[in-house]
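# Summary of structural features
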Amino acid sequence: MSKSFVKSFSVLMALTLTVPVYASTVRMPQSETQGTNLHGLENIGIDSWTKLLMSGKSSGFSVQELREPLMVALSQAKNEQHVFKSIKTVVESAKLVTAEDYRDLGILLLELRQELRAQKSMGMKSRQDSLFLMQMLAEESLYAGSKKFANFPTEINIAGSASSSAKAASLRSFQVQTGDVVLSKATGFGSSSFIALTMDHPHIYSHSTPVYIDGQGELLSPEADVEDGVKLRKMAKDYIEGSKTRMYIYRYQGSDTSVQNKVEAGAANMIKEMYERTGGDPFNKAAYKYDFSMTPGNVNERGMFCSAVSYELYLRGGFSGPQNPYTQSVWSPISKSREELLKVLNMNTNKVPAPGDLELNSEFKLVGARIDVSKLSQDRIEMAIVDAFLSEVANNRETLRRVSEILNLISSKPIDKEALKKMAASGILPKEYADKVGMIDQIPDAINIKQMAFFVFLNDVMTPKLRAVLQAQVEALEKLGKPVGPMQLRKMAKAQGKLMLAELSKLEEKVMATTGVGSCGKVF
């Protein structure tokens with residue numbers, strides 16, 4: 001979700017604040033102590049890993065000597081519990097003293113994570129959970145190193161396959177080609193973690209987009225953005241100049257010329273259609289709208305969301321089954337509790353090709369990966385906040401009822417931008433907001449008021465409030481020599497339930513103002 005879209009949320013909220021606000025009573029859940037879960041990983045003592053890393057160890061094997069025993073252990077693992085036990089047992093015999101030790105351990109785990117993708121003895125869903133676990137273990141290693149050493153690297157890169165095409169381009173330190181799929185996650189928005197964690201099994205990504213290299217060798221992408229639909233975008237801004245917290249690049253293994261020609265033919269077909277649908281300007285006009293229903297297919301009518309673009313591009317190249325990065329056999333089911341919440345948001349689907357589902361397709365190999373270590377401290381907190389919120393919705397019917405009750409007060413009709421502009425021009429908007437009126441055009445065409453209000457709550461209300469509280473608590477505990485692991489973070493986030501629901505009630509007040517009497521009532 002882009003920064004300008006987040007700002008457009010603020011415009012809408014500014015409009016709601018210009019009319020009377022109606023107070024409401026906070027209704028708390030019946031139980032505030034129900035257990036917090038971490039997708040089954042709470043039973044393996046994952047916080048002991050963070051404690052091991054933070055305490056360090058001055059004797060033992062070098063990290064480089066761990067590769068072979070770790071590979072053997074992973075080859076024998078049957079589920080995520082075995083993965084954790086095996087890794088922890090091996091690493092307990094290692095020396096963790098220098099910044100290089102922590103860096104090398106993080107890189108080693110990220111590299112071995114790719115070996116796990118091809119693990120045949122493990123069921124698909126257990127493998128998916130194990131991939132999530134291994135990423136968490138690797139990032140905790142990098143996080144611990146960054147906390148212990150002032151000179152710790154701010155960026156980690158993992159090299160993969162070289163380009164097999166003569167028409168390649170550089171994406172940071174990696175050589176990419178048309179058809180490569182970039183998986184990523186940004187930090188700073190609760191919506192990014194929400195997308196990553198909404199599925200029945202968790203992911204580490206919130207976005208997916210395919211690479212397209214034009215005739216001049218420029219790095220582009222037919223990318224679906226929630227803000228303005230599917231446009232042809234220059235990748236330099238967000239993927240080279242910008243800084244994603246995670247960025248993984250994958251490529252179909254069929255590397256011979258005929259296969260790549262088919263991939264490029266599928267991409268050319270899509271780009272040609274984008275030019276035709278936009279009158280020759282797919283950079284500034286959306287060729288397809290953003291599909292908030294999250295249902296692939298029927299793109300001319302429904303549009304596309306992020307991972308559906310790669311799915312469609314490969315279909316046009318004649319790739320089905322495992323040759324397609326998002327083959328239907330790997331699509332993620334949405335858990336029943338999440339499904340109920342999404343239905344309230346008018347997203348009526350129970351299975352989607354989530355961005356990270358590509359990793360379950362072993363036909364695609366790693367081209368390169370990048371971790372922005374400087375953002376891990378904030379990202380782990382934001383993931384814990386959203387995970388705690390989703391767990392509360394899942395485990396407490398009263399919380400789900402409250403969220404549904406508030407959101408159902410809001411219209412599901414699309415936002416009327418012209419009416420908003422007339423309202424702004426009429427003088428209803430305070431002068432301090434006058435310079436933001438132009439941002440109304442940046443509100444997505446396909447989004448409705450209910451969806452927008454929910455993302456306002458995630459991005460501008462709940463996540464920033466709880467992030468500040470948890471950051472202060474973590475820093476205070478770490479100064480006392482008490483490291484905070486992923487499970488403890490989620491318990492700390494859950495303990496802020498009263499603050500979470502108080503902020504939800506503030507959203508309710510704004511909702512009532514928006515949908516009640518007065519000029520806003522006429523607009524919406």
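These remarks concern the structure in this document. (Residues numbered from 1 in each chain as written. Predicted model: local features only at pLDDT ≥ 70, side-chain atom pairs only at ≥ 80, totals over all residues. Heavy atoms only, no water.)

## Examining the overall build of the chain
Counting its secondary structure elements, the chain contains 19 helices and 12 strands. For the chain, the proportion of its 524 residues judged to be buried stands at 57%. For the chain, contacts bridging at least 24 residues in sequence account for 79% of all contacts bridging at least 6. Per element, the accessible surface of the chain, about 20300 Å² overall, is 51% carbon and sulfur. (Helix = DSSP H or I, 4+ residues; strand = E, 2+ residues; numbered from the N terminus. Buried < 20%, exposed > 50% of the residue type's maximum accessible area, 1.4 Å probe, protein only. Contact = heavy atoms within 4.5 Å. Areas by Shrake-Rupley, 256 points an atom, 1.4 Å probe, with all protein chains shown as cover.)

## What about the side chain of Arg-370?
Among the structural elements, Arg-370 can be located in strand β12 (residues 364-372). Relative accessible area serves as the criterion here: at 4%, Arg-370 is assigned to the buried category. Among the polar contacts made by the side chain of Arg-370, one reaches the side chain of Glu-155 at a distance of 3.1 Å. Apart from the residues lying within four places of it in its own chain, the contact partners of Arg-370 are Glu-155, Ile-156, Asn-157, Arg-172, Phe-174, Ser-243, Lys-244, Thr-245, Arg-246 and Met-247. (Polar contact = N/O pair within 3.5 Å; in protein donor to acceptor, adjacent residues only side chain to side chain.)

## A closer look at the packing of aromatic side chains
Under the counting rule described, the total for this entry stands at 11 aromatic pairs. Here the aromatic rings of Tyr-311 and Trp-331 are separated by 5.7 Å at their centres, their planes lie at 70°, and the arrangement is edge-to-face. In this pair, Tyr-311 is assigned in helix α11 (residues 306-316) and Trp-331 in the loop between α11 and β10 (332-333), connecting sequence segments 20 residues apart. Taking the relative accessible area as the measure of exposure, Tyr-311 reaches 11% and is therefore buried. (Phe/Tyr/Trp six-rings, centres within 6.5 Å; stacked < 30°, edge-to-face > 60°.)

## Notes on empty space enclosed by the protein
Where empty space is left becomes clear once a probe the size of a water molecule has been rolled over the atoms. Applying the stated criterion across every chain, the model contains four cavities of 30 Å³ or more. As a volume, the largest cavity reaches approximately 190 Å³. Together, 15 residues line the largest cavity, and Met-136, Glu-139, Arg-246, Arg-380 and Met-383 are the ones closest to its centre. When residues of the lining of the largest cavity are traced back to their parent elements, those giving at least two are α6 (124-148), α13 (376-395) and α17 (486-494). Here the lining of the largest cavity is built from residues that sort into eight nonpolar, one polar and six charged. (1 Å grid on protein atoms, 1.4 Å probe; cavity = no way out; pocket = protein on both sides within 12 Å on 5 of 7 lines; lining within 4 Å. Points joined across faces, edges and corners; volume = space filled by probe spheres on them. Nonpolar A, V, L, I, M, F, W, Y, C, P; charged D, E, K, R; others polar.)

## Re the nonpolar core
Counting 132 residues, the largest nonpolar core has Trp-49 and Ile-87 as the members making the most contacts within it. Ranked by residues supplied to this core, first place goes to helix α16 (residues 449-479) with 13 residues. By size, the runner-up hydrophobic cluster in this structure holds 13 residues, among which are Ala-169, Leu-171, Val-182 and Ile-249. (Core = buried A, V, L, I, M, F, W, Y, C linked by side-chain atoms within 4.5 Å.)

## Brief notes about the pattern of salt bridges
Applying the stated criterion across every chain yields a total of 24 salt bridges. The partner of Glu-276 in a salt bridge is Lys-272, and the shortest N-O contact between them spans 2.6 Å. With Glu-276 and Lys-272 both in helix α9 (residues 257-277) and four residues apart, the pair spans about one turn of that helix. The class of Glu-276 is exposed, set by a relative accessible area of 51%. When the shortest N-O distance is used, the salt bridge between Arg-316 and Glu-312 registers 2.9 Å. Of the two residues, Arg-316 and Glu-312 both sit in helix α11, four residues apart, roughly one turn of that helix. On the accessibility criterion, Glu-312 (14% relative accessible area) is buried. Taken together, the shared-partner salt bridges connect Glu-155, Arg-172, Arg-370, Asp-372 and Lys-375 into one network. (Salt bridge = Lys/Arg side-chain N within 4 Å of Asp/Glu carboxyl O.)

## Thoughts on the sheet that holds strand β5 (residues 207-210)
Strand order across the open sheet formed by five strands is β1-β12-β9-β4-β5, with antiparallel pairing between neighbours. Of all the strands in the sheet, just β1 (155-159) and β5 have a single pairing partner and so form its edges. In this sheet, adjacent strand axes meet at a mean angle of 15° when their direction is disregarded. Taken together, the four bridges between strand β4 (residues 181-185) and β5 define a ladder with antiparallel strand orientation. Across the sheet, the residue bridging to Leu-183 is Ser-208, located in β5. (Pairing = 2+ DSSP bridges. Axes fitted to C-alpha atoms, helices over the stretch in contact; angles between N-to-C directions.)

## What about helix α7 (residues 190-197)?
With respect to burial, α7 is a largely interior element, seven of its eight residues being buried. Taken residue by residue, α7 has Gly-190, Ser-191, Ser-192, Ser-193, Phe-194, Ala-196 and Leu-197 as its buried positions.

## What to know about the side chain of Lys-494
If you trace the backbone, Lys-494 turns up in helix α17. Of the residues examined, Lys-494 reaches a relative accessible area of 15% and is grouped as buried. Within the structure, the side chain of Lys-494 is placed 2.7 Å from the side chain of Glu-392, a separation counted as a polar contact.

## Quick notes on the packing of α7 against α16
Relative orientation of the contacting elements α7 and α16 amounts to 120°, with a least axis distance of 8 Å. In contact with Gly-190, Ser-191 and Phe-194 of α7, α16 contributes Phe-454, Phe-455, Leu-458, Asn-459 and Thr-463. In the contact of α7 with α16, the residues fall into four nonpolar, four polar and no charged.

## Comments concerning the packing of helix α3 (residues 67-76) against helix α5 (residues 99-117)
For any two helices packed against each other, one specifies the inter-axial angle together with the distance between the axes. Between α3 and α5, the least distance of the axes is 11 Å, while the angle of their chain directions is 30°. The interaxial crossing formed by α3 with α5 has right-handed handedness. Contact with α3, carried on its side by Arg-67, Leu-70, Met-71 and Leu-74, involves Leu-108, Glu-111, Leu-112, Glu-115 and Leu-116 of α5 and no other residues of that element. (Left-handed = near helix turned anticlockwise from the far one by under 90°.)

## Brief notes about α3
Taken residue by residue, α3 has Leu-70, Ala-73 and Leu-74 as its buried positions. Seen along its axis, α3 keeps its buried residues to an arc of 95°; they face one direction. When the buried face of α3 is taken as reference, the exposed residues oriented beyond 90 degrees from it are Glu-68 and Gln-76. On its buried face, α3 sits against α4 (80-91), α5 and α6. (Arc of directions from axis to C-beta.)

## Examining the sheet that holds strand β7 (residues 219-225)
Across the sheet, three strands lie side by side as β6-β7-β8; this open sheet has antiparallel pairing. What marks the edges here is a single partner per strand, and that holds for β6 (212-213) and β8 (229-234). Here six bridges tie β7 to β8, and the two strands are oriented antiparallel to one another. Residue pairing in the sheet places Asp-225 in a bridge with Gly-229 of β8. The strands touched by α9 within the sheet are β6, β7 and β8, with β8 carrying the most contacts at an inclination of about 110°.

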